[in-house]
Amino acid sequence: MTGAADPPLLPLPDRVVALLAELESPPRLAAHLRAVHDVAHRLVDWAERHCPALPLDREAVLFGAATHDVGKTLHVSELSGPGAAHEEAGRTLLLGHGVGPELARFAATHASWTRSGVGPEDLLVSLADKVWKNKRVPELEDLVVARMAEATGRAAWEEFIALDDVLARIGDGADERLAFQASFPVHI
């Protein structure tokens with residue numbers, strides 16, 4: 001969760017490391033959360049430089065990325081197969097461990113970016129959870145572009161070109177991140 005990694009990935013926040021240890025997180029889940037957290041860092045850094053007018057809670061995005069799949073500690077089969085039971089379970093789990101609702105929400109919203117009340121933080125967590133493995137989701141990207149264009153006053157196509165460029169660069173490292181995650185077992 002925090003040691004040297006190949007590819008180099010930022011460590012998970014101490015608060016998340018402690019929580020995952022307490023929950024006896026599967027090693028593969030911790031590796032996944034670390035990869036998504038690292039990508040979220042890159043996206044937030046880029047968004048703050050490219051679109052400083054976008055209202056964005058950096059720490060919320062980073063915490064959300066680092067915990068978005070925590071419900072998979074209870075639904076381990078969803079680490080290697082489909083399922084959405086981990087989403088609400090993760091939110092409930094985080095709330096039960098003293099995480100406020102404003103941060104626990106990411107466990108439930110990371111796969112439902114079209115719900116009402118979804119903010120730019122939710123969109124960036126969702127985007128990080130896709131692009132870490134170089135998966136592009138046009139509907140999600142369009143929502144991010146619309147928020148950026150609204151904040152900057154620039155044309156949506158200009159924002160799309162900028163976002164596409166950063167996502168392509170991040171996507172270039174997907175194979176290494178996927179190999180990193182796969183090097184950890186699903187079960188302890």
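Predicted, not measured: the structure shown is a model, and the values here were computed from it.

**With respect to the layout of surface pockets**
- Its volume calculated, the largest pocket comes out at about 300 Å³.
- Taken together, 17 residues line the largest pocket, and the ones lying closest to its centre are H32, D69, K72, D129 and K133.
- Secondary structure elements with two or more residues in the lining of the largest pocket: α2 (27-50), α4 (85-96) and α6 (120-131).
- Among the residues making up the lining of the largest pocket, the classes are represented as four nonpolar, five polar and eight charged.

**Description of the packing of aromatic side chains**
- A complete count under the given rule lists one aromatic pair for this structure.
- Their ring planes at 70° and their centres at 5.1 Å tell us that F180 and F184 sit as a pair that is edge-to-face.
- In this structure F180 comes out as buried when scored by relative accessible area, which is 8%.
- Looking at F184, the relative accessible area reads 30%, which means it is partly exposed.

**So, a nonpolar patch on the surface**
- On the surface, W157, F160 and I161 cluster together into a nonpolar patch covering about 340 Å² of accessible area.
- In this fold, W157 is placed in helix α8 (residues 156-171).

**Regarding empty space enclosed by the protein**
- Considering all chains together, one arrives at one cavity of 30 Å³ or more under this definition.
- Estimates place the volume of the largest cavity at around 40 Å³.
- Taken together, W46, A47, L54, P120, L123, L124, V144, R147 and M148 make up the lining of the largest cavity.
- Elements with a minimum of two residues in the lining of the largest cavity: α2, α6 and α7 (138-152).

**A closer look at the environment of S126**
- Locating S126 in the fold gives a position in helix α6.
- It is 4.7 Å that separates the C-alpha atoms of S126 and H110, two residues lying 16 residues apart in sequence.
- Apart from the residues lying within four places of it in its own chain, the contact partners of S126 are T109, H110, W113 and L140.

**A short note on the nonpolar core**
- Core analysis: the biggest nonpolar cluster contains 58 residues, and L43, L127 and L163 have the highest contact counts within it.
- Of all the elements in the fold, those that place two or more residues in this core are α1 (14-22), α2, α3 (58-67), α4, α5 (101-109), α6, α7 and α8.
- Among residues more than four places away in sequence, those in contact with L43 are L124, L127, A128, V131, L167 and I170.

**Description of the side chain of K130**
- Tracing the sequence through the fold places K130 in helix α6.
- One buried charged residue, K130, forms no salt bridge at all, with the nearest opposite charge on D129 at 5.0 Å.
- In this structure, K130 is in contact with W113, K135, V137 and L140, ignoring residues within four places of it in sequence.

**A closer look at the environment of W46**
- On the secondary structure map, W46 appears in helix α2.
- W46 gets classed as buried once you look at its relative accessible area, which sits at 9%.
- In this structure, the C-alpha to C-alpha distance between W46 and H32, residues 14 residues apart in sequence, is 21 Å.
- Apart from residues lying up to four places away in sequence, W46 is in contact with C51, M148, A162, L163, V166 and R169.

**Here we look at the packing of α2 against helix α9 (residues 174-182)**
- For the pair α2 and α9, interaxial distance at closest approach is 8 Å and the crossing angle is 155°. With respect to α9, the axis of α2 lies roughly antiparallel. Side by side, α2 and α9 meet where R28, A31, H32, R34, A35, V39 and R42 of the first sit next to R177, F180, Q181 and A182 of the second.
- A breakdown of the residues in the contact of α2 with α9 according to their chemical character gives five nonpolar, two polar and four charged.

Criteria and thresholds
- Residues numbered from 1 in each chain as written.
- Predicted model: local features only at pLDDT ≥ 70, side-chain atom pairs only at ≥ 80, totals over all residues.
- Heavy atoms only, no water.
- 1 Å grid on protein atoms, 1.4 Å probe; cavity = no way out; pocket = protein on both sides within 12 Å on 5 of 7 lines; lining within 4 Å.
- Points joined across faces, edges and corners; volume = space filled by probe spheres on them.
- Helix = DSSP H or I, 4+ residues; strand = E, 2+ residues; numbered from the N terminus.
- Nonpolar A, V, L, I, M, F, W, Y, C, P; charged D, E, K, R; others polar.
- Phe/Tyr/Trp six-rings, centres within 6.5 Å; stacked < 30°, edge-to-face > 60°.
- Buried < 20%, exposed > 50% of the residue type's maximum accessible area, 1.4 Å probe, protein only.
- Patch = residues over 30% accessible without salt bridge, like charges linked within 9 Å, V, L, I, M, F, W, Y side chains within 5 Å.
- Areas by Shrake-Rupley, 256 points an atom, 1.4 Å probe, with all protein chains shown as cover.
- Salt bridge = Lys/Arg side-chain N within 4 Å of Asp/Glu carboxyl O.
- Contact = heavy atoms within 4.5 Å.
- Core = buried A, V, L, I, M, F, W, Y, C linked by side-chain atoms within 4.5 Å.
- Lys, Arg positive; Asp, Glu negative; His and termini not counted.
- Axes fitted to C-alpha atoms, helices over the stretch in contact; angles between N-to-C directions.
- Parallel < 35°, antiparallel > 145°, perpendicular 65-115°, else oblique.

Honestly, it's all geometry; don't read function into it.
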